[in-house]
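One-letter residues, chain by chain:
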Amino acid sequence: MRPLLAALLLAGCAAGPAADPAAPVGPAYVAVAEGVVCNHCVAGIEKLLRRDPAVTKVVIDMDKGLVRVETRADRTFDAAKLRQALLDAGYGVVRTERE
């Protein structure tokens, strides 16, 4: 398991604030990540990304390495931020894009 993800999981970081159903819907971003091989990887990535107040939903397809993030329109988030979060967590990133 990646050291950063292990630290996050062991520290029991909060998943972040619950999504506000009244928040304006922003764009979604998709990344193709390398190294997402188990459910612990998925849980760690979800927990890490949901800590960002711009993120409202995270969906990960472990078999395809796809990470999809839905965001709020009134917060700042972009493909570069998604890419950097995955890289910082120790995953390879093939590409990121706005959906």
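Refer to the structure above for everything that follows.
Note that the structure is predicted; figures quoted are calculated from it, not measured.

S.K.: When you look at the pairing of strand β3 (residues 66-72) in this model, what are you seeing that I'm missing?
M.R.: Consecutive side chains of a regular strand alternate in pointing toward one face of the sheet and then the other. Of the pairings in the sheet, the one linking strand β1 (residues 25-34) to β3 comprises six bridges and is antiparallel in character. When the sheet's bridge partners are listed, Ala31 is paired in β3 with Val67. Sheet analysis places strand β2 (residues 55-61) next to β3, joined by six bridges and oriented antiparallel. Residue Val55 lies in a different strand from β3, and its bridge partner there is Thr71. The turn joining β2 and β3, which pair antiparallel and follow one another in sequence, is formed by four residues; a positive phi near 75° is taken by Gly65.

S.K.: Help me out: how do you make sense of the sheet that holds β3 in this one?
M.R.: Sheet strands pair via backbone hydrogen bonds, and the direction of the pair is either parallel or antiparallel. Taken in spatial order, the four strands line up as β2-β3-β1-β4 in an open sheet, and their pairing is antiparallel. The open sheet has two edge strands, β2 and β4 (92-98), and neither has a second partner. Within this sheet the neighbouring strands show an average axis-to-axis angle of 20°, counted without direction.

S.K.: I would appreciate a short explanation of helix α3 (residues 79-88) in the present structure.
M.R.: The α-helix advances 3.6 residues per turn, and as a result positions three or four apart in sequence lie on the same side. Along α3, the residues classified as buried are Ala79, Leu82, Ala85 and Leu86. The buried residues of α3 all sit within an arc of 130° when viewed along its axis, so they share a single face. Of the surrounding elements, those touching the buried residues of α3 are β1, α2 (39-50), β3 and β4. Capping of α3 at its N-terminal end is provided by Asp78; its side-chain oxygen lies 3.2 Å from the backbone amide nitrogen of Ala80. Looking one or two residues beyond α3, the residue adopting positive phi is Gly90, at roughly 95°.

S.K.: Whenever I open this one, the packing of aromatic side chains confuses me. Can you help?
M.R.: For any pair of aromatic rings, the description consists of the separation of the ring centres together with the inter-plane angle of the planes. Enumeration according to the criterion identifies one aromatic pair in this entry. Their ring planes at 50° and their centres at 5.8 Å tell us that Tyr29 and Phe77 sit as a pair that is tilted. With a gap of 48 residues between them, Tyr29 in strand β1 and Phe77 in the loop between β3 and α3 connect regions that are remote in the sequence. Classification of Phe77 by relative accessible area gives buried; the value is 7%.

S.K.: I tried to follow the pattern of salt bridges on my own but got confused; where do I start?
M.R.: Any two side chains of opposite charge can pair, so long as their charged atoms come close to each other. Under the counting rule described, the total for this entry stands at five salt bridges. The partner of Lys81 in a salt bridge is Asp52, and the shortest N-O contact between them spans 2.9 Å. One end of the pair, Lys81, is in helix α3; the other, Asp52, is in the loop between α2 and β2, with 29 residues separating them in the sequence. You can call Asp52 buried: its relative accessible area is 15%. Between Arg72 and Asp74 there is a salt bridge; the shortest N-O distance is 2.7 Å. On the basis of relative accessible area, Asp74 is assigned to the partly exposed category, the value being 44%. Shared partners join several salt bridges into a network, and the residues in it are Arg68, Glu70 and Glu99.

Conventions and cut-offs
Residues numbered from 1 in each chain as written. Predicted model: local features only at pLDDT ≥ 70, side-chain atom pairs only at ≥ 80, totals over all residues. Heavy atoms only, no water. Pairing = 2+ DSSP bridges. Helix = DSSP H or I, 4+ residues; strand = E, 2+ residues; numbered from the N terminus. Axes fitted to C-alpha atoms, helices over the stretch in contact; angles between N-to-C directions. Buried < 20%, exposed > 50% of the residue type's maximum accessible area, 1.4 Å probe, protein only. Arc of directions from axis to C-beta. Contact = heavy atoms within 4.5 Å. Polar contact = N/O pair within 3.5 Å; in protein donor to acceptor, adjacent residues only side chain to side chain. Phe/Tyr/Trp six-rings, centres within 6.5 Å; stacked < 30°, edge-to-face > 60°. Salt bridge = Lys/Arg side-chain N within 4 Å of Asp/Glu carboxyl O.

As far as function goes, none of this settles anything; it's purely spatial.
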